[in-house]
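So the chains spell out like this:
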There are 6 protein chains.
Amino acid sequence: MPMFKMVEYNKAKPEIRAVYDDIMATRKTDWVNNFWKTLATQPGLLRRVWANAKEVMAPGKIDALTKEMIYVAVSITNGCDYCIHSHIAAAKSKGMTEEMFGELISVIGLANQTNSLADGFKIPVDDQFETAF
Amino acid sequence: MPMFKMVEYNKAKPEIRAVYDDIMATRKTDWVNNFWKTLATQPGLLRRVWANAKEVMAPGKIDALTKEMIYVAVSITNGCDYCIHSHIAAAKSKGMTEEMFGELISVIGLANQTNSLADGFKIPVDDQFETAF
Amino acid sequence: MPMFKMVEYNKAKPEIRAVYDDIMATRKTDWVNNFWKTLATQPGLLRRVWANAKEVMAPGKIDALTKEMIYVAVSITNGCDYCIHSHIAAAKSKGMTEEMFGELISVIGLANQTNSLADGFKIPVDDQFETAF
Amino acid sequence: MPMFKMVEYNKAKPEIRAVYDDIMATRKTDWVNNFWKTLATQPGLLRRVWANAKEVMAPGKIDALTKEMIYVAVSITNGCDYCIHSHIAAAKSKGMTEEMFGELISVIGLANQTNSLADGFKIPVDDQFETAF
Amino acid sequence: MPMFKMVEYNKAKPEIRAVYDDIMATRKTDWVNNFWKTLATQPGLLRRVWANAKEVMAPGKIDALTKEMIYVAVSITNGCDYCIHSHIAAAKSKGMTEEMFGELISVIGLANQTNSLADGFKIPVDDQFETAF
Amino acid sequence: MPMFKMVEYNKAKPEIRAVYDDIMATRKTDWVNNFWKTLATQPGLLRRVWANAKEVMAPGKIDALTKEMIYVAVSITNGCDYCIHSHIAAAKSKGMTEEMFGELISVIGLANQTNSLADGFKIPVDDQFETAF
């Protein structure tokens, strides 16, 4: 049983409903997932997080599918079950095939392995890597 | 002072030198970074990790730059200082601009934020996300 | 199915029962939660952890509710499901309202976001922050 | 050497300068710390993160000092060096004494310990904790 | 419902079946667990990870049981539910008693506690610890 | 500069000095490391953590060297720099050779890799692993 009740569209106040409408319009879907319906119990939080997500996840110099795969990488590293489910689904809807997922998770696994090796061996940063943009 | 001595090319045994040569040939560089020179204190570990890294990081269904950005995402989430430095440098060498890094880290920041929100609110996974490949 | 059997009050040895009695007396409740009943399979661990928890969580310069909210912040950051449930419940019993939880989780989300930004940008510590108590 | 150049006030564009002015006015200080001066290399990120931080960290149902202590708890759990320094400093400026910090870090240490115990013993959530707000 | 179908032995291609046979022969069991049956959806990943695991987990200067307990320590610290289950089971099959598990998890809990204390107090490394192998 | 002053032996109050004496007697050394000298700023914390560490790290069903290696595994996984240094040093003093460290870190690296694979693939726990002690 979830400890937090969700706010359904037909019972939502106008300010919540406006966010839901924007979510569905932006994503071209006809439903709102549990993440947003739970955040809606805290209207300010819903408003802030959605405004950020809408801006950050929009295609820019990095395309939308790549952004979703980056999201999956963070979520798997943190072990966030809900986020793994929802962002794999989002990446699939944007074109990620099973073969691509296989490569994605291979990189994630390798990175988690070598991160621990670098920390454990306390490897000093090479001068060549100390370059600024 | 690093606690682990590094194995320099000119003092390396043939099996180590062969790995170093392969690293430089694969990356089209003329130097080997501290990560590999430290792992070389454990020849089996060097061999295994390089064999994996070479295969996993090669361009496939996901291109090499995207793979480096995924690596950066994991490394930042884990807070691995050496890996953040080395993989940002690698991504830059493959074409990541400062503007792209700005988008990359924005996604990483958002994902770390929403991961904690999803865990904290204990949000149940939507049925729509329970689809198999 | 839990992999570890729990020790119920009526089957507990005197030394375990004494800890259970102290837990209930300290918390003014008439039941012991699964965390302690599981730790009781290792009497030394039960004794040490309870002694620490009793001392650390007692109101001092920081009040008991604030301490529970700090506990929730750590538990959400670590993604510990049991701890999130139990310490949100504890915080509620000490007066945390849903609105307060909304503010608490907003801070937690922001901190997890900016932690990754600070790590990723490798921001040097300002001299002004290098002050001792 | 930081890999990312910082944007100093006197070289900042008007939109950046406006954020800096707001930061100093909100905090009643006459300087801007490295975190914001680094984020300013990405104007959109600076704008979004500051807008959120200003709103989230303002006193509400939870006071400003408690919010800073919660921030410290997350930052220590994540091991974010910059954030630990900056938010301990912020908490001190809002009234956290060394004795309070001692209690704060005691709770953080206990929570990190018991989080791992609860995960390791795979303790089932008590029915009593499954209550909604 | 798992999002990833598993590859059963009787439907596996020869290259997958060869890995399964090697897993069962190495472990002296007559079944393959879900981890490998899921990785088998990505044959290259299955091959690489198994080759590494076989080599790394074999008894060497550290015995097989100790290696499993180290695996459990990492898995609990990361909160990886599947890995906690599977490696506690593996350690039990290699001789870990409940009393040994009690000591193991006590060390894990203590280490997670003191890790956060050392990070939070930002304790400088003693010169005496800066020795090389 | 450390933000927390350390309490030196010759300026310590009797209750602190007693703990220092016990640390040195237990470890058969003639100095106290920075961890304890920093915790000593909070006498209750020093007392509690040392009492636990003394009991937990004493040889029992698991020997003292193995316990130190488990400590290293947790510390590397958490990326705690101080703890990595101090517990590698402690393990070396108890007999860990460089070759053993090579095996230890290989297991840690593998475990961090497969933890992320298991989380990412959301692998269901096998019935065979659901056995109680």
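Because the structure is a prediction, the values reported are computed rather than measured.

Reading guide: rules and limits
- Residues numbered from 1 in each chain as written.
- Chains lettered and ligands numbered in written order.
- Predicted model: local features only at pLDDT ≥ 70, side-chain atom pairs only at ≥ 80, totals over all residues.
- Heavy atoms only, no water.
- Helix = DSSP H or I, 4+ residues; strand = E, 2+ residues; numbered from the N terminus.
- Phe/Tyr/Trp six-rings, centres within 6.5 Å; stacked < 30°, edge-to-face > 60°.
- Buried < 20%, exposed > 50% of the residue type's maximum accessible area, 1.4 Å probe, protein only.
- Lys NZ or Arg CZ within 6 Å of the ring centre and 35° of its normal.
- Disulfide = S-S within 2.5 Å.
- Least-squares fit on C-alpha atoms with pLDDT ≥ 70 in both.
- Contact = heavy atoms within 4.5 Å.
- Buried area = accessible area lost by both parts, 1.4 Å probe.
- Salt bridge = Lys/Arg side-chain N within 4 Å of Asp/Glu carboxyl O.
- Polar contact = N/O pair within 3.5 Å; in protein donor to acceptor, adjacent residues only side chain to side chain.
- Domains from an automatic or database assignment.
- Nonpolar A, V, L, I, M, F, W, Y, C, P; charged D, E, K, R; others polar.

**Q** Please clarify how unusual backbone geometry should be interpreted in this entry.
**A** Backbone phi values are negative for most residues with the exception of glycine, while trans is the configuration of most peptide bonds. Look at lysine 28 of chain D: it is not a glycine, yet its phi comes out positive at around 55°. Here lysine 28 of chain D lies in the loop between helix H1 (14-27) and helix H2 (34-39).

**Q** Looking at this structure, I do not really get the packing of aromatic side chains. What am I missing?
**A** Geometrically, a pair of aromatic rings is defined through the distance of the ring centres and the angle of the planes. Counting across every chain of the model gives 66 aromatic pairs over all chains. Both rings, one in phenylalanine 121 of chain A and one in phenylalanine 4 of chain B, keep their centres 5.0 Å apart while their planes meet at 85°; by these two values the pair is edge-to-face. Residue phenylalanine 121 of chain A is located in helix H6 (residues 98-121), and its partner phenylalanine 4 of chain B is located in the segment before helix H1 (14-27); the two belong to separate chains. The class for phenylalanine 121 of chain A is buried, based on a relative accessible area of 1%. With a relative accessible area of 3%, phenylalanine 4 of chain B lands in the buried category. Chaining the aromatic ring pairs together yields one cluster made of Trp31, Phe35, Trp36, Trp50 and Tyr82 of chain A together with Phe129 of chain B. Over the face of the ring belonging to phenylalanine 133 of chain F we find lysine 92 of chain E, whose NZ or CZ atom lies 4.5 Å from the ring centre.

**Q** Can you help me understand the state of the cysteines in this one?
**A** Residue and element names in this part refer to chain A. If you walk through the whole model with that rule in mind, you get six disulfides over all chains. What pairs with cysteine 80 in a disulfide is cysteine 83, and their sulfur atoms sit 2.4 Å apart. Measuring the twist about the S-S bond at about 45°, one finds the cysteine 80-cysteine 83 disulfide to be right-handed. With a relative accessible area of 0%, cysteine 80 lands in the buried category. Judged by relative accessible area, cysteine 83 falls into the buried class, the value being 3%.

**Q** Would you mind showing me how to read the relation of the copies chain B and chain A here?
**A** Superposition of the two copies of the chain requires a rotation about an axis and a shift along the axis. If you rotate chain B by 180° and push it 0.0 Å along the axis, it lands on chain A with an RMSD of 0.0 Å. Taken together, these values place the two copies in the relation of a two-fold axis. The share of interface residues of chain B whose copies in chain A are also at the interface is 100%, consistent with both copies meeting through the same surface.

**Q** Is there a simple way to explain the interface of chain E and chain B in this structure?
**A** By a widely used convention, the size of an interface equals the accessible area lost when the partners come together. Facing the 14 residues of chain E at the interface are 14 residues of chain B. Surface buried jointly by chain E and chain B totals about 1,400 Å² across both partners, of which 48% is contributed by carbon and sulfur atoms. Counting the contacts that link chain E with chain B gives four salt bridges. Here glutamate 55 of chain B makes a salt bridge to arginine 48 of chain E, at a shortest N to O gap of 2.9 Å. Taken together, chain E and chain B are joined by four residue pairs in polar contact (both at pLDDT 80 or more).

**Q** Help me understand the pattern of salt bridges, please; the structure alone is not making it clear to me.
**A** When their charged atoms lie close together, side chains carrying opposite charge are able to pair. Evaluation of the coordinates by the stated rule reveals 40 salt bridges over all chains. Ionic pairing is found between glutamate 98 of chain F and lysine 5 of chain B, a salt bridge with its closest N-O pair at 3.0 Å. You can see glutamate 98 of chain F sitting in helix H6 (residues 98-121) and its partner lysine 5 of chain B sitting in the segment before H1, one on each of two chains. The partly exposed category is assigned to lysine 5 of chain B, whose relative accessible area is 46%. A salt bridge links aspartate 22 of chain E to lysine 54 of chain E; the shortest N-O distance between them is 3.0 Å. Residue aspartate 22 of chain E is located in helix H1 (residues 14-27), and its partner lysine 54 of chain E is located in helix H3 (residues 43-57); the two are separated by 32 residues in the primary sequence. Residue class for aspartate 22 of chain E comes out partly exposed when judged on its relative accessible area of 24%.

**Q** Explanation requested: the domain arrangement of chain A in the structure shown.
**A** Residue and element names in this part refer to chain A. Per the domain assignment, the segments of chain A are domain 1 (1-58) and domain 2 (60-121). Between domain 1 and domain 2, the C-alpha centre-to-centre distance is 24 Å. Taken together, the six residues of domain 1 in the interface contact six residues of domain 2. Summing both partners gives a buried area of about 470 Å² for domain 1 against domain 2, and 57% of it is carried by carbon and sulfur.

**Q** Is there a simple way to explain the interface of chain B and chain A in this structure?
**A** Opposite the 72 residues of chain B that make contact, chain A presents 73 residues. Of the roughly 6,600 Å² buried where chain B meets chain A, counting both sides, 73% is carbon and sulfur surface. When the buried area of chain B at its contact with chain A is split by residue, Phe121, Phe129 and Phe133 of chain B rank highest and sum to 12% of it. Our enumeration of links across chain B and chain A arrives at two salt bridges. Remark: the boundary between chain B and chain A carries 22 residue pairs in polar contact (both at pLDDT 80 or more). Secondary structure elements with two or more residues in the side of chain B that touches chain A: helix H2 (34-39), helix H3 (43-57), helix H4 (64-78), helix H5 (81-93) and helix H6 (98-121) of chain B. Ranked by residues supplied to the side of chain B that touches chain A, first place goes to H6 of chain B with 20 residues. Of the residues that constitute the side of chain B that touches chain A, the class distribution is 39 nonpolar, 22 polar and 11 charged.

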